[in-house]
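Descriptive structure summary
In case you want the letters, here they are:
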Amino acid sequence: MKKILYVILGLVAIYVIMCLIGPSTVKMERSIDINASKEVIQNKLADLKFFHDEWSPWTEKDTAAITTYTGEMGQPGSTYAWDSKVDEVGKGMMIYDKTVGDSVLQTLRFDGMGDSRVYYITTATENNATKVTWGMTFDVGF
């Protein structure tokens with residue numbers, strides 16, 4: 001019985017230590033080169049309906065999810081929301097915040113998990129292509 005208590009106390013101690021020294025924010029980034037101009041790509045990234053129809057991983061996983069749009073697509077404050085019975089897709093919302101210079105800024109909200117900040121950095125490359133760097137930052141629940 002004492003051994004079980006020591007194991008539980010040890011796990012609690014490890015958790016507390018991780019909470020104290022672990023990162024409070026996580027950042028992920030991925031990049032891809034797309035054969036299109038920076039302006040065209042930024043317009044597509046700001047259009048959440050286009051995102052749903054062409055790029056959304058949630059659309060592929062549940063084509064029957066209920067989707068709603070508010071605002072004028074491509075304008076700050078426009079939203080795309082989904083509600084799915086598939087656990088992996090769940091319920092959430094994307095909000096187009098703004099485009100600033102080379103960056104398109106959005107907010108991603110999964111129901112019950114808080115907001116994540118999403119950004120796309122577009123950089124013109126040779127041959128009229130564009131390097132798009134997608135990034136997301138979110139707070140860890142420690």
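Our structure is the block above this text.
A brief look at the structure comes next. Numbers given for residues are sequential positions, taken from 1 along each chain in its written order. Local features in this predicted model are restricted to residues of pLDDT 70 or higher, and side-chain atom pairs are both shown and tallied only at a pLDDT of 80 or more, whereas totals for entire chains, interfaces and linings draw on every residue. For the side-chain quantities, the full set of heavy atoms in the structure was used; hydrogens and water were omitted.

What follows concerns the overall build of the chain. Helix and strand counts for the chain stand at 4 helices and 7 strands. With the radius of gyration taken over C-alpha atoms, the globule rule is written as 2.2 Å times the number of residues to the power 0.38. Taking 14 Å as the expected radius of gyration for a compact globule of 142 residues, we find that the chain reaches 20 Å, considerably beyond that expectation. The cut-offs for exposure are 20% and 50% of the maximum accessible area for each residue type, with area from a 1.4 Å probe on protein chains only; residues under the lower value are buried, those over the upper are exposed, and the others partly exposed. For the chain, with 142 residues in total, the buried portion stands at 30%. A fraction of 43% describes how many contacts in the chain between residues 6 or more apart in sequence connect residues 24 or more apart. Within the structure as shown, the chain displays about 9500 Å² of accessible surface, and the carbon and sulfur contribution to it stands at 59%. Under the counting rule used here, the positive set is Lys and Arg, the negative set is Asp and Glu, and His together with the chain ends is not counted. All charge positions are set by atom: Lys at NZ, Arg at CZ, Asp at CG, Glu at CD. Each charge sign in the chain was given a centre, from 14 positive and 18 negative side chains, and these centres are 10 Å apart. Only DSSP runs of H or I covering at least 4 residues are called helices, and only runs of E covering at least 2 are called strands; the numbering of each starts at the N terminus. We call two residues contacting when some pair of their heavy atoms lies within 4.5 Å. The method behind every accessible area is Shrake-Rupley, applied with a 1.4 Å probe, and residues are considered shielded solely by the protein chains displayed.

Moving on: the pairing of strand E5 (residues 103–110). The pairing of strand E4 (residues 91–100) with E5 spans 8 bridges and is classified as antiparallel. Opposite Thr99, over in E5, you have Val104 as the bridge partner. Paired strands, in this sense, are two strands between which DSSP finds at least two bridges. Where E4 folds back on E5, the antiparallel hairpin that results is connected by 2 residues, among which Gly101 adopts a positive phi of roughly 60°. Pairing of E5 with strand E6 (residues 114–124), which is carried by 8 bridges, proceeds in the antiparallel orientation. Across the sheet, residue Thr107 finds its bridge partner in E6, namely Arg117. Remark: 3 residues form the turn of the hairpin made by E5 and E6, two consecutive strands paired antiparallel; Gly112 in that turn has positive phi of roughly 80°.

Looking now at the pattern of salt bridges. The working definition used for a salt bridge is a side-chain nitrogen of Lys or Arg within 4 Å of a carboxyl oxygen of Asp or Glu. Scanning the entire structure with this criterion turns up 3 salt bridges. Of the charged contacts, one joins Asp102 and Lys38 as a salt bridge, the two residues approaching to 2.5 Å between their closest N and O atoms. Of the two residues, Asp102 sits in the loop between E4 and E5 while Lys38 sits in helix H2 (residues 38–46), which places them 64 residues apart along the sequence. Owing to a relative accessible area of 34%, Asp102 belongs among the partly exposed residues under this scheme. Across the pair Asp115 and Arg109 runs a salt bridge, and its minimum N-O distance is 2.6 Å. When its relative accessible area of 36% is taken as the criterion, Asp115 is described as partly exposed. For Arg109, a relative accessible area of 33% puts it in the partly exposed group.

Our next topic: H2. Looking at H2, one finds that the buried residues are Ile41, Gln42, Leu45 and Ala46. All buried residues of H2 project into a common sector of 135° when viewed along the axis, lining one side. Structurally, H2 contributes buried residues whose contacts are with strand E1 (25–34), helix H3 (48–55), E4, E5, E6 and strand E7 (130–139). Directions are taken from the helix axis to each C-beta atom, and the arc is the one they span.

Okay, the layout of surface pockets next. Each pocket or cavity is described by its volume, and for the largest pocket that value is around 500 Å³. Contributing to the lining of the largest pocket are 22 residues, with Phe51, Trp55, Pro57, Tyr120 and Trp134 lying nearest its centre. Considered class by class, the residues forming the lining of the largest pocket number 16 nonpolar, 3 polar and 3 charged. Throughout, the protein atoms alone are placed on a 1 Å grid, and a set of points is a cavity if a 1.4 Å probe fits but cannot get out or a pocket if it is open with protein on both sides within 12 Å along at least five of seven lines; lining residues have an atom within 4 Å of a point. Grid points are joined across faces, edges and corners, and a volume is the space filled by probe spheres set on the points. Following the grouping adopted for this structure description, the nonpolar residues are Ala, Val, Leu, Ile, Met, Phe, Trp, Tyr, Cys and Pro, the charged ones are Asp, Glu, Lys and Arg, and the polar ones are all others, Gly among them.

Before going further, it helps to spend a moment on the sheet that holds strand E2 (residues 66–70). Sheet strands pair via backbone hydrogen bonds, and the direction of the pair is either parallel or antiparallel. On the basis of which strands lie adjacent, the open sheet formed by 7 strands has the order E1-E7-E6-E5-E4-E3-E2 and antiparallel pairing. In this open sheet, the two strands that pair with only one neighbour each are E1 and E2. The sheet shows a mean angle of 20° between the axes of neighbouring strands, taken without regard to direction. To get an axis, a line is fitted to the C-alpha atoms, and for a helix only the part in contact is used. The angle between two axes follows their N-to-C directions and goes from 0 to 180 degrees. The strands touched by H2 within the sheet are E1, E4, E5, E6 and E7, with E6 carrying the most contacts at an inclination of about 165°. Set on the sheet, H3 makes contact with E2, strand E3 (79–83), E4, E5 and E6; between it and E2 the angle comes to about 155°.

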